[in-house]
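The residues making up each chain are set out below.
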Amino acid sequence: MPTEAKKALSIGALAREAGVSVETIRYYQRRGLMRAPEKPHGQIRQYDQQDVNRIRFIKSAQGLGFSLKEVSELLRLADGTHCAEASQIAEHKLQDVRQKLEDLAHMEAALDHLVSACRDPDKRVACPLIVALESGDI
């Protein structure tokens, strides 16, 4: 299988290829998530497919709810020899997601009850939603 020629990309071309803005790339560089290639005198910085892949990695991890701090840790482990450590990070994220789902289910039930109470024509002395929010009885 022939090796893909190393394609040199400007920061704008990198942004288009990776589906992000130039400012996102610069932000990732400031956060230490991406390298900032040397800028030859009078020329532009050159990026390559590895940079595209790195941005896609970052965006995929963010899509799963990982913070940039967690993404940084995953990138540190990305050589493939730290699967147990990466799995541990993912297990913690899974626990967080499950807790958020529980919290959202509670919020849904409370709001469903309050919306139903607001629609009850027999209880028009005060708005049940406003009363519940004022009293903290949610």
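(A) Layout of the side chain of D51. Within the fold, D51 resides in helix 3 (residues 49-63). Taking relative accessible area as the criterion, D51 reaches 3% and is therefore assigned buried. Leaving out residues up to four positions away in the same chain, D51 has contacts with L14, M34 and R35.

(B) Seen up close, the layout of surface pockets. Volume-wise, the largest pocket comes out at about 180 Å³. Grouping the amino acids of the lining of the largest pocket by side-chain chemistry returns four nonpolar, two polar and three charged.

(C) The nonpolar core, seen in detail. Formed by 23 residues in total, the largest nonpolar core has its most connected members in L14, I25, I55 and I58. Of all the secondary structure elements, the ones that give two or more residues to this core are helix 1 (11-18), helix 2 (22-30), helix 3 and helix 4 (68-76). At five residues, helix 1 tops the list of elements feeding residues into this core.

(D) Up close: the packing of helix 3 against helix 4. Direction vectors running N to C along helix 3 and helix 4 enclose 130 degrees, while the axes themselves pass 10 Å from each other. Judged on the interaxial angle alone, helix 4 and helix 3 are oblique. For the pair helix 3 and helix 4, the crossing hand works out as right-handed. Facing R54, F57, I58, A61 and Q62 of helix 3, the residues of helix 4 in contact are L68, V71, L74 and L75. Tallied by class, residues from the contact of helix 3 with helix 4 come to seven nonpolar, one polar and one charged.

(E) Quick look at the confidence of the model for the protein. In the predicted model, the protein carries a mean pLDDT of 89, and the fraction of residues at 70 or more is 93%. The lowest-confidence element of the protein is helix 6 (residues 128-135), averaging 83 in pLDDT; the highest-confidence one is helix 2, averaging 97.

(F) Region of interest: the pattern of salt bridges. The tally for this structure, following the rule as stated, stands at seven salt bridges. Its salt-bridge partner being K93, residue E70 comes within 3.1 Å of it at the nearest N-O pair. A residue pair is termed long-range when its members are at least 10 positions apart, and E70 in helix 4 and K93 in helix 5 (residues 83-119) qualify at 23 residues. The partly exposed category is assigned to E70, whose relative accessible area is 22%. Judged by relative accessible area, which is 10%, K93 ranks as buried. With a shortest N-O distance of 2.5 Å, R76 and E73 are connected by a salt bridge. Of this pair, R76 and E73 both sit in helix 4, separated by three residues, roughly a single helical turn. Salt bridges here are not isolated pairs; linked through shared partners, they connect R35, D48 and D51.

(G) Geometry of the packing of helix 5 against helix 6. Following both chains from N to C, one finds helix 5 and helix 6 inclined at 135 degrees, their axes separated by 8 Å at the closest point. Judged by the inter-axis angle, helix 5 sits oblique to helix 6. Here L114, A117 and C118 of helix 5 lie close against helix 6, whose contacting residues are P128, L129 and A132. Considering only residue class, the contact of helix 5 with helix 6 consists of six nonpolar, no polar and no charged.

(H) Just helix 1, in detail. Taken across its eight residues, helix 1 has six buried, putting it largely inside the fold. Every buried residue of helix 1 is listed here: I11, G12, A13, L14, A15 and A18. Structurally, helix 1 contributes buried residues whose contacts are with helix 2 and helix 3. Immediately downstream of helix 1, the backbone of G19 shows phi near 75 degrees, a positive value.

Conventions and cut-offs
- Residues numbered from 1 in each chain as written.
- Predicted model: local features only at pLDDT ≥ 70, side-chain atom pairs only at ≥ 80, totals over all residues.
- Heavy atoms only, no water.
- Helix = DSSP H or I, 4+ residues; strand = E, 2+ residues; numbered from the N terminus.
- Buried < 20%, exposed > 50% of the residue type's maximum accessible area, 1.4 Å probe, protein only.
- Contact = heavy atoms within 4.5 Å.
- 1 Å grid on protein atoms, 1.4 Å probe; cavity = no way out; pocket = protein on both sides within 12 Å on 5 of 7 lines; lining within 4 Å.
- Points joined across faces, edges and corners; volume = space filled by probe spheres on them.
- Nonpolar A, V, L, I, M, F, W, Y, C, P; charged D, E, K, R; others polar.
- Core = buried A, V, L, I, M, F, W, Y, C linked by side-chain atoms within 4.5 Å.
- Axes fitted to C-alpha atoms, helices over the stretch in contact; angles between N-to-C directions.
- Parallel < 35°, antiparallel > 145°, perpendicular 65-115°, else oblique.
- Left-handed = near helix turned anticlockwise from the far one by under 90°.
- pLDDT = per-residue confidence, 0-100.
- Salt bridge = Lys/Arg side-chain N within 4 Å of Asp/Glu carboxyl O.

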